[in-house]
Structures are given as C-alpha cells and as structure tokens.
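Report on the structure
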Amino acid sequence: MKSLVERLPDEQRRELRRMQRLQLLWLLFLVSIIAAVYFSAGSSQAMKTAWIEDALSLVPPLAFLFASWVEGWKPNQRLPLGYVRVSSISYLVSSVALAGVGLFLMIDATMTLIKNEHATIGSIEVLGITFWFGWVMIAALVYSVLPPVIFGRLKMRPAIELHDKTLWADAFMNKADWLTGLAGIVGILGIGLGWWWADAVAAMVIAADVLLDGYRHTNAAIHDLMDEMPKTVDDSEYEPLIERVRAHLEGLPWVRESSLRFREEGRYLTGSIFLVAPEEATTAKRLEELQQSILKLHWRMLDVSIMPRTGLGHLD
C-alpha cells in the first residue's frame, strides 16, 4: 500500500520536498534571529517579547517537518488510510502553542505597564566609539523582520498547492512578522525619548498579534478535527472541490438526488455520498465506477463511500 506522500502527484511531491528543504533553511535563519534578538534584548520588555515570539516561530516549521515525515509512513492494519490526520494534529499543536504563549505575553506586558516598570538602555563602547545600545537593538529587530517576510512569501503559494494548513499558518506568521519588528522599534525609540510606557505598549502589541494568530488558527484546527465541511487553506470559504463532486453527480442521468458529507483529513478529503437512483441503475459495478471517477477528480480525494437509496424517496 502507498503512503500518503507516495499518493501525491509528481508535481506536488516535488513541491513537498522543496518545502522541506526550505523549512530546514528557514530554521537556520530563525536560530540566528533568535540569537541576535536574545543578545541585544537588554532590559526591554518589547525585545524580550519579540524574542519569545521568534522562539515560538520554531514550532510551525518543526510541526510541518514532523507531519510530512510521518505522512511518508506506510498504512497498516491499524491505520488503513495511513497517517492522514497527522498534519491536522500538528496544525492544532502549533496553533494552541501560539495562543497559549500569546496570552502569557499579553498578561506579562500588561503587568509591566501596571507596575510602572521603567526599562533603561545604556551605551556601549566599540573601538573607542561610544554609542547608544538602542541602535544595536533596532538593528537586531530589522534583521528579525527581513528574512521572515521573504520566506513567508516563498511558502504561501506552495501551502495552497499542497493544501497544508500548518505551512500556511507558518507562511502567514512570517509574512506578517514586520508588525513585531515595527512595534519593537517604536518601543526602543520610545525609551530613548523618555517614554517609559512605550516599551510595555509595544510588547502588548506584539503579544496581541501572537494571540490573534493563535486564536485564528486554533479555531480553524478545532473545526477541522470536528469534521466541519472542508474549507480552503486560508479558511475563507468552503472547498470548491465539493462543488465539483456535486456537479459531477448532477451530470449523471440516473442520479435523481444526492447529498454530500465530506470532511478534511490533513491535506486530503474523505466522505460519504448519499444518492437516490432507480434500483436497476445501482449495480455494484456502476457504483464502483462512480466511486473511481470521483476519486480521480482531484489528488486530494482520498476515500469516498457511496450509499444508494432506490425508489422514489428523498434524502433527508
């Protein structure tokens, strides 16, 4: 039996391998970003929050790499469809991690503001030249923004083609990472201008961005695992592939009525089709041919059960 990765068309399989390599490269950049922000954080709350947010960014690419590796395992007697929901589980894990840490960061930043804690930024001397350490912080934040935006754009189209929500969440976070850097820079400049509260407010903005991402993706992941009717990878609309199946059924003269019940399992779709048809039309051979024709509509169609109802009855 083929694994889920082996079931992919050649183009999608190559795209998956390319994304695995890209994620490994991104992890190297991310580790360097985490180190740069950590060693320049000082006593700034905004910098510390940005560092935690960058460290948290490790979760989605690691979850993607783990899920795509497990998808390559062969189906077995216990899991006849293969490890089909591992990407949905990895999506949920990374989303919950985002939401949980986002909530913690928001509370921490709020308490800093309430306690009226003042961050200070000193000066350092390099080669006999003394300058404000805030410029080092700002340089680290600028560096923390540019690679994620580039990598985020590189991941978005493949995420749609592979219908990989973990990859999409990672790409979306990367692409929107400029907000974290901008908020951090404003906070650092605020400290330099004597606005003690600017640092905590910037940390709250960063935390709110993390919390919003976590909530949005956790909500989508939970709905997927609750077998909601499938949606597009950005969760903006119902999956157009369902309408293709419906149109295919409506084009069959012997099908009087049909009802679809599909669910999303990772990047694939499974489900049941209930139809009303004359008894003489619902032979085992014809139903098997119908099943195969539906599975061939798109590579994401993994498994479908067809349940006929003969006579003149209607589907509930």
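Computed from a prediction, not measured in an experiment: that's the story for all the values here.

**Notes on the pairing of strand 4 (residues 268-277)**
- Within strand 4, nine of the ten residues are buried, which leaves it mostly tucked inside the rest of the structure.
- Direction of pairing for strand 3 (residues 257-265) relative to strand 4: antiparallel, over a ladder of nine bridges. Within strand 4, the position partnered with serine 258 by the bridge is leucine 275.

**Let's talk about the nonpolar core**
- Membership of the largest hydrophobic core comes to 39 residues, with the highest contact counts inside it found for Met47 and Tyr268.
- Of all elements in the fold, only helix 1 (4-7), helix 2 (10-39), helix 3 (45-56), helix 4 (59-70), helix 6 (134-162), helix 7 (165-175), helix 8 (178-192) and helix 9 (196-225) reach the threshold of two or more residues within this core.
- Here this core takes nine residues from helix 2, the largest share from any one element.
- Apart from residues lying up to four places away in sequence, tyrosine 268 is in contact with Leu4, Arg7, Leu8, Val84, Arg263, Trp299, Arg300 and Leu302.
- Membership of the second largest hydrophobic core comes to 20 residues, among which are Val245, Leu249, Trp254 and Met301.

**Observations regarding the pattern of salt bridges**
- For the coordinates displayed, the defined rule picks out 18 salt bridges.
- Among the ionic pairs, aspartate 227 bridges to arginine 85, the shortest N-O distance being 2.4 Å. You can see aspartate 227 sitting in the loop between helix 9 and helix 10 (240-250) and its partner arginine 85 sitting in the loop between helix 4 and helix 5 (86-114), a full 142 residues away along the chain.
- The shortest N-O distance in the salt bridge between glutamate 243 and arginine 246 comes to 3.4 Å. Of the two residues, glutamate 243 and arginine 246 both sit in helix 10, three residues apart, roughly one turn of that helix.
- According to the relative accessible area criterion, arginine 246 is partly exposed, its value standing at 26%.
- Through salt bridges with shared partners, one network takes in Lys165, Asp224, Glu239, Glu264 and Arg300.

**Regarding the side chain of aspartate 170**
- Considering the arrangement of structural elements, one finds aspartate 170 in helix 7.
- For aspartate 170, a relative accessible area of 1% corresponds to the buried category.
- Separated by 2.7 Å, the side chains of aspartate 170 and lysine 155 make a polar contact.
- Every residue in contact with aspartate 170, bar those within four places of it in the chain, is listed here: Gln23, Trp26, Ser57, Pro60, Pro61 and Lys155.

**Section: the packing of aromatic side chains**
- One pass over the structure, following the stated rule, counts eight aromatic pairs.
- A network of ring pairs unites the aromatic residues Phe66, Trp69, Trp73 and Tyr83 as a single cluster.

Conventions we followed
Residues numbered from 1 in each chain as written. Predicted model: local features only at pLDDT ≥ 70, side-chain atom pairs only at ≥ 80, totals over all residues. Heavy atoms only, no water. Buried < 20%, exposed > 50% of the residue type's maximum accessible area, 1.4 Å probe, protein only. Helix = DSSP H or I, 4+ residues; strand = E, 2+ residues; numbered from the N terminus. Pairing = 2+ DSSP bridges. Core = buried A, V, L, I, M, F, W, Y, C linked by side-chain atoms within 4.5 Å. Contact = heavy atoms within 4.5 Å. Salt bridge = Lys/Arg side-chain N within 4 Å of Asp/Glu carboxyl O. Polar contact = N/O pair within 3.5 Å; in protein donor to acceptor, adjacent residues only side chain to side chain. Phe/Tyr/Trp six-rings, centres within 6.5 Å; stacked < 30°, edge-to-face > 60°.

Shape descriptors only; they carry no functional weight alone.
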